[in-house]
Structures are given as C-alpha cells and as structure tokens.
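Structural overview
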Amino acid sequence: MFSFSSLELPIVGAPMAGGVSTPELAAAVSAAGGLGFVAGGYLSAESLAEQIQKTRALTDLPFGVNLFMPVTDEQLPSDADKQLTEFATALETVGQQLEAQLGEAKASVESEARVFDELIQVCVSQAVAVVTFTFGCPATELVRRLKDSGSLVGVTVTKPEDAVVAAQAGADFLCVQGPAAGGHQSTFSVSDELNQLPLLQLVAKIRSVCSLPLIAAGGIRTAAQVRELLDAGAVAVEIGTPLLLADEAGTSATQREVLQSLERETVLTRAFTGRFARAIKNSWAERYHETAPAIYPGVHEITAPLRRAAASTGEHEWTHIWAGEPYTGLAAGPAAKILRQIAPTTNSETD
Ligand SMILES: Cc1cc2nc3c(=O)[nH]c(=O)nc-3n(C[C@H](O)[C@H](O)[C@H](O)COP(=O)(O)O)c2cc1C
C-alpha cells in the first residue's frame with residue numbers, strides 16, 4: 001500500500017481536469033520524487049483507463065487518480081430547469097459574439113451515477129495506488145471496495161465538518177483545500193457556502209477534529225510555506241497552479257499566454273460552471289458572477305462550448321482561466337525543476 005512517508009519530496013502534483021493533467025505530467029511529478037495524479041473528472045471510463053495505461057507506460061512509480069463525486073438530486077434546486085433556461089438567455093449575447101452555440105444541460109443524476117460506477121470499476125480493476133474524491137465523500141462500502149483492491153483513499157475537504165464525515169466513511173487521508181486554491185472548491189454540496197479560513201488555520205482546525213494524514217493545498221508557492229504547513233501537521237502539500245506552466249502540462253496556449261502576461265486579481269465565482277472555482281478575473285466573471293445559478297454540471301454544460309470557442313481563438317476575456325492566488329511570476333520548465341524549487345531543503349533555508 002502506498003504511504004506518503006515513502007515520497008522523496010512531500011509534494012503532490014494536483015489533479016487538474018480539463019486537459020491540464022497529462023500522463024506526462026503525472027509521471028514527471030512521480031519521477032521527481034512527488035506524487036503525480038491523473039485527473040478523472042469529465043473522463044469516460046475508457047479514457048480514464050487509457051490515461052492510467054499511458055502513465056504506467058511512462059513510470060513504474062505510484063501515482064493517484066482523482067474522481068468527481070456525482071451530484072445528487074438534493075443538491076439541486078427544484079426549479080433548476082427554469083433557472084438554467086434563464087441563464088442560457090443571459091448568455092446569448094456572448095454566444096453571438098463568439099459565433100458559438102450554447103451547450104445542452106444533458107447530464108442527469110442517473111447518467112452521472114452510471115459513469116461514476118464505471119470509473120470506480122476502472123480504478124478497482126487497475127488497482128490504482130491512490131484514489132481521491134472531489135465534490136463529496138464516497139459511501140463507506142465504496143471506500144472499503146477501493147481499499148480492498150489495494151488503493152489508499154483520500155477525500156478533498158474544505159471544512160472541518162466534511163473532514164469528520166470523510167473520516168467516518170473510512171478515508172485514509174484528506175486533501176485540505178484552502179480558499180486560495182485554483183480551480184473548483186471541493187465543497188460537498190453545490191450549494192454549500194465557502195470556507196473563509198486561510199489554509200494554515202484550516203489545517204490546524206481540521207487537525208484538531210481529525211487524526212488522519214492531511215495534504216494541504218491552495219496558494220502554496222514557496223519552500224517556506226511548505227515547511228510551515230508540515231510544521232502545522234500536514235504530511236505533504238499539493239500544488240496545482242505552480243505546475244500550469246510545466247513543460248509536461250496540457251495547459252493550452254491561451255492559458256499559458258494569459259498566465260504569463262496578465263497581472264490581475266483572481267476571483268472565486270460560480271460564473272463559469274455553477275460551482276465556485278477560482279479563476280483569473282475577466283469579462284465573463286464580471287458579467288455573470290452575480291447571476292450564474294448554483295447548478296452543476298448544468299451551468300458547466302451550457303457554457304462549455306462558448307468557453308471552448310473563446311479559448312481556441314485566444315479570447316481570454318470569455319473563457320475560464322483557473323488559477324490559484326497568487327499566479328504571477330510562475331516558473332516555466334520541466335515539472336521536476338518546479339517541484340525542486342518548492343520543496344523544502346532539509347538542512348538550509350533557501351527558497
Ligand atoms: C487548472 C486546474 C484544474 C483543477 N482540477 C482539479 C480536479 O480535476 N480535481 C481536483 O480535485 N482539484 C482540481 N483542482 C484544484 C487542485 O486540486 C488544488 O486544490 C489546487 O490547484 C491547489 O491550489 P493552487 O492552484 O494554488 O496550487 C484544479 C486546479 C487547477 C488550477
């Protein structure tokens with residue numbers, strides 16, 4: 001069974017769904033002494049199996065797979081269809097401007113649950129070393145099934161209450177995600193309010209209610225921060241944004257260009273997908289921040305073709321550029337070099 005104490009560097013390369021995570025990035029992070037991840041979010045079972053096999057072809061070292069928990073009926077408002085129709089109307093002007101058609105809100109609770117079962121089956125049959133869950137906590141039986149197949153099981157939490165739930169379900173460890181993290185916040189319900197505590201305080205608070213190993217994530221950019229979090233009781237840290245410019249990452253040309261040239265604030269907003277996610281502030285975020293309904297994946301599905309069209313033509317004001325706080329001054333180059341820059345040295349104080 002995998003153990004974080006076996007890592008040469010106490011660093012996890014965050015799963016980054018939507019194309020940023022690649023087998024090359026996962027393998028490079030693991031080869032550098034950290035733990036790489038395959039991002040299973042938005043993938044079919046077939047694609048996940050392919051990503052796992054490609055990663056295994058690149059490394060014999062352990063890596064993790066991250067899955068999104070499916071949304072349940074109770075998380076969505078009873079008038080979700082009406083709210084989505086209204087939001088779609090509000091998006092029409094952007095669609096016309098980008099000459100792109102709005103997507104359809106297709107996923108149902110049943111179809112999401114079916115795909116999720118298939119993804120679990122892939123993880124079990126492939127005996128993946130580490131499996132983590134985002135957007136909720138799996139049932140005890142499911143955690144047990146994965147453990148029996150040899151996986152270490154983690155749950156991403158943003159609040160002490162959720163940490164307690166995950167511990168009760170039998171999780172082996174927790175990813176503690178603070179508010180500075182890039183991308184989606186892993187709240188257990190779409191409608192949940194956000195945690196406001198900065199990462200260091202959140203880790204301390206979760207440490208006080210739960211004895212599981214903790215991986216700290218969100219806004220970690222320096223070795224000094226890593227040391228502080230390890231001192232606060234984390235066994236490792238997880239970095240996402242610092243790997244966006246890694247050679248091995250699948251970050252698009254538009255994303256790379258924006259990350260390196262725009263100096264703006266980031267914002268936590270439901271505007272792009274219906275779930276809170278941290279992105280670089282742009283025209284889309286400003287226009288739809290107040291009005292996007294808390295409906296996921298419905299909002300994600302209707303906005304995705306517009307965001308894709310904008311990204312493909314470099315119109316960064318109308319696509320999502322996930323990034324944690326801060327994102328300026330990121331280093332480009334091999335993932336191994338980026339990891340070494342952030343890893344604390346054992347005997348000196350160089351950052
Ligand atoms: C582009 C991008 C995509 C992400 N996708 C996922 C994902 O698929 N699953 C997940 O658990 N977290 C995802 N995250 C969040 C990371 O796991 C992690 O919490 C975050 O990157 C840490 O903060 P940092 O970006 O400031 O380093 C994503 C983050 C980014 C930047």
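Quick look at the structure, then. This structure is a prediction, so every number in the text was calculated from the model and none was measured. (Residues numbered from 1 in each chain as written. Predicted model: local features only at pLDDT ≥ 70, side-chain atom pairs only at ≥ 80, totals over all residues. Heavy atoms only, no water.)

Turning our eyes to something else, we now look at helix α3 (residues 80–98). Spanning 19 residues, α3 covers 26 Å between terminal C-alpha atoms, matching the ideal 27 Å at 1.5 Å per step. The principal kink in α3, of about 40°, is found at L91. Among the residues of α3, those classed as buried are A80, L84, F87, A88, L91, V94, G95 and L98. Next to the buried residues of α3 lie α10 (283–288) and α11 (298–312). (Helix = DSSP H or I, 4+ residues; strand = E, 2+ residues; numbered from the N terminus. Expected span 1.5 Å × (residues − 1). Bend = angle between axes of the 7 residues up to and from the residue. Buried < 20%, exposed > 50% of the residue type's maximum accessible area, 1.4 Å probe, protein only. Contact = heavy atoms within 4.5 Å.)

A few words on the site of the ligand. The local shell around the ligand holds 24 residues, among which T134, G219, R221, G240 and T241 are the closest. In the environment of the ligand, an oxygen atom lies 2.6 Å from a nitrogen or oxygen atom belonging to the side chain of T134. Here an oxygen atom of the ligand sits 3.2 Å away from a polar atom, N or O, in the main chain of G182. For the ligand, whose unbound accessible area comes to 590 Å², protein coverage reaches 96%. Secondary structure elements with two or more residues in the shell around the ligand: β3 (63–68) and β9 (234–239). Its residues assigned to classes, the shell around the ligand shows twelve nonpolar, ten polar and two charged. (Near = heavy atom within 4 Å. Polar contact = N/O pair within 3.5 Å; in protein donor to acceptor, adjacent residues only side chain to side chain. Areas by Shrake-Rupley, 256 points an atom, 1.4 Å probe, with all protein chains shown as cover. Nonpolar A, V, L, I, M, F, W, Y, C, P; charged D, E, K, R; others polar.)

With that out of the way, let us pick up the sheet that holds β3. Pairing is parallel in the open sheet, where eight strands are placed in the order β1-β9-β8-β6-β5-β4-β3-β2. Two strands lie at the open edges of the sheet, namely β1 (11–13) and β2 (36–39), each paired on one side alone. Taken over all neighbouring pairs, the strand axes of this sheet differ in orientation by 25° on average, direction set aside. Note that β3 and strand β4 (residues 130–134) share five bridges and pair parallel. In the strand pairing of β4, F68 is matched with T134. (Pairing = 2+ DSSP bridges. Axes fitted to C-alpha atoms, helices over the stretch in contact; angles between N-to-C directions.)

Time to look at the layout of surface pockets. The calculated volume of the second largest pocket comes to roughly 290 Å³. For the second largest pocket, the lining is made up of 18 residues, of which L76, A80, D81, A107 and S108 are closest to its centre. Element by element, the count of residues in the lining of the second largest pocket is highest for α3, at three residues. In the lining of the second largest pocket, the residues fall into eleven nonpolar, three polar and four charged. (1 Å grid on protein atoms, 1.4 Å probe; cavity = no way out; pocket = protein on both sides within 12 Å on 5 of 7 lines; lining within 4 Å. Points joined across faces, edges and corners; volume = space filled by probe spheres on them.)

Once that is clear, we can look at the pairing of strand β11 (residues 277–280). Both strand β7 (residues 183–184) and β11 contribute to a ladder of two bridges, which runs antiparallel. Residue G183 lies in a different strand from β11, and its bridge partner there is R278.

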